[in-house]
Amino acid sequence: MPDFICIGGQRTGTTWLHHVLSSNQTVWMPPCKELHHFDTLSPDVTAYPYRYREHLGSRLRHYGLAAARLVRRDLRPDVAVRLDWDWDLRYFLQPGRSIDWYRGLFQTRAAQGKVTGEITPAYSLLPQGEVQAIADALPKAKIILILREPLSRAWSHALKDLPAEAANDTDRMVSFLRDPECFERSNWPEIIGRWQSAFPADQILILDFDQIKAAPDAFLAKVATFLGTDLALPESREVGGSLRERGSSSYRAGGIPAEVKEAVADLYAPVIQKTAEMLPDIAGGWLDRQSELLDRATTSA
C-alpha cells in the first residue's frame, strides 16, 4: 500500500512536488500523477477514459522516446525516460477499482525498499464517509495537504480551466469562483476537518504553498521529516523548466480585479479568517494580503 497520499489542494504546487519526489531515489511515485482511485470507486463515475486518454498517452511517449534513443542516444537529454513495465501492465491491462488492485500499484519491483505514495488533489473533495473508508483501508497512510490562500488558489483554478479571454470577463470569473466545484477546493477548514476526523494528527502534514517559492529547501525538509526519509531538490531547481513546475500556478494573468474580489468576498473572506485562526503560522499572512477582501465582507455583512 502507499506510505503516503497527497490530497492536494489543486493549484498548490502538487505537480512540482510530484516531480521533486520522483527525482529522489528514496521515494517511488507512480509514473502517472493523479491516479484518481478513491474518487472513482463508484460505478456511476467514468474513470477509464481519463486513465486511457491522458495517462496512456503519457506512458506511450516515454516508451517512444526510449525506442528513439536506441537510434539516437542524445535525443532530448533534458527529458528523463521512465520505463515501468510491471506497473504499466497492471494499470492499463488489468484496470480495477478494488483496494487490492490499488495496493498492487505500489508493489512493483522499482518500488521495493522505497517510500511510496501518490498525489491526487481531487481527494480533498471526498465526503466524510469516503475519507473514513480510506482510513479503514489504509490506516497507516500519511496524508499531505498543501494550503494556498483561498481566493488566489481559486483564481489560479479559473485561469487554468477557462479560456484566456475570460480573465477580462468579470461576470464569468465571478460565476466560476462562486461555483461550489471551485469554492470547495479552497474551503480548507472543511477539508481539514474531514481528514482530521479520520486520521490521527501525527499522520497529517499541512504545508504552506508560499514556501515552495520562498524556501523550497525548508519545504522539502518538512516533507522528508514527515515521511522519514532523506530528500533533496534536483540539481536543476526548475524541475523541468516551466513556471508551473516551479510551483508558480498563476502564470497567465496578473492580480485579481477589485470588482471580482468584491463579488466573492462573502464566500472567501470567512474561509481566510477561519483558516488563519486554525493555522496562524501558515494562514496568518493571508489576513494582511487580503485585508481589502476582509473589509469588503465586513461592510457587506
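These numbers were taken from a predicted model, which means no experiment stands behind them.

**Structural notes on the overall build of the protein**
Okay, step 1: In terms of helices and strands, the protein carries 14 helices and five strands.
Okay, step 2: Taking all contacts inside the protein whose residues are at least 6 apart in sequence as the whole, residues at least 24 apart take part in 75%.
Okay, step 3: In the form shown here, the protein has an accessible surface area of approximately 14200 Å², with 52% of it arising from carbon and sulfur atoms.

**Looking at the packing of helix 12 (residues 258-278) against helix 13 (residues 280-289)**
Okay, step 1: The interhelical angle for the contact between helix 12 and helix 13, taken along N-to-C directions, is 145°, at an axis separation of 7 Å. In the crossing of helix 12 with helix 13, the sense of the turn from one axis to the other is left-handed. In this structure, helix 12 uses Ile272, Gln273, Thr275, Ala276, Glu277 and Met278 to contact helix 13, whose residues at the interface are Pro280, Ala283, Gly284, Trp286 and Leu287.
Okay, step 2: Class assignment of the residues belonging to the contact of helix 12 with helix 13 gives a composition of seven nonpolar, three polar and one charged.

**Quick notes on the packing of helix 9 (residues 188-196) against helix 12**
Okay, step 1: The geometry of helix 9 relative to helix 12 is characterised by a closest axis approach of 8 Å and an angle of 45° between their N-to-C directions. As the angle between them shows, helix 9 and helix 12 are arranged oblique. For the pair formed by helix 9 and helix 12, the contact residues are Trp188, Pro189 and Ile192 on the first element and Val271, Lys274, Thr275 and Met278 on the second.
Okay, step 2: Partitioning the contact of helix 9 with helix 12 into residue classes produces five nonpolar, one polar and one charged.

**A closer look at the pairing of strand 3 (residues 115-119)**
Okay, step 1: Across the five residues of strand 3, five count as buried, placing the element largely inside the fold.
Okay, step 2: Side chains Val115, Gly117 and Ile119 of strand 3 all project onto a buried face; the interleaved residues Thr116 and Glu118 project onto the opposite face, where all are buried too.
Okay, step 3: Inspection of the sheet shows strand 1 (residues 4-6) paired to strand 3 by three bridges, in the parallel sense. In the sheet register, Cys6 faces strand 3, and the bridge partner there is Ile119.
Okay, step 4: Direction of pairing for strand 2 (residues 27-28) relative to strand 3: parallel, over a ladder of two bridges. For Trp28, the partnering residue across the bridge sits in strand 3 and is Thr116.

Each value, and the rule that gives it
- Residues numbered from 1 in each chain as written.
- Predicted model: local features only at pLDDT ≥ 70, side-chain atom pairs only at ≥ 80, totals over all residues.
- Heavy atoms only, no water.
- Helix = DSSP H or I, 4+ residues; strand = E, 2+ residues; numbered from the N terminus.
- Contact = heavy atoms within 4.5 Å.
- Areas by Shrake-Rupley, 256 points an atom, 1.4 Å probe, with all protein chains shown as cover.
- Axes fitted to C-alpha atoms, helices over the stretch in contact; angles between N-to-C directions.
- Left-handed = near helix turned anticlockwise from the far one by under 90°.
- Nonpolar A, V, L, I, M, F, W, Y, C, P; charged D, E, K, R; others polar.
- Parallel < 35°, antiparallel > 145°, perpendicular 65-115°, else oblique.
- Buried < 20%, exposed > 50% of the residue type's maximum accessible area, 1.4 Å probe, protein only.
- Pairing = 2+ DSSP bridges.

Read these as geometric descriptors, not functional statements.
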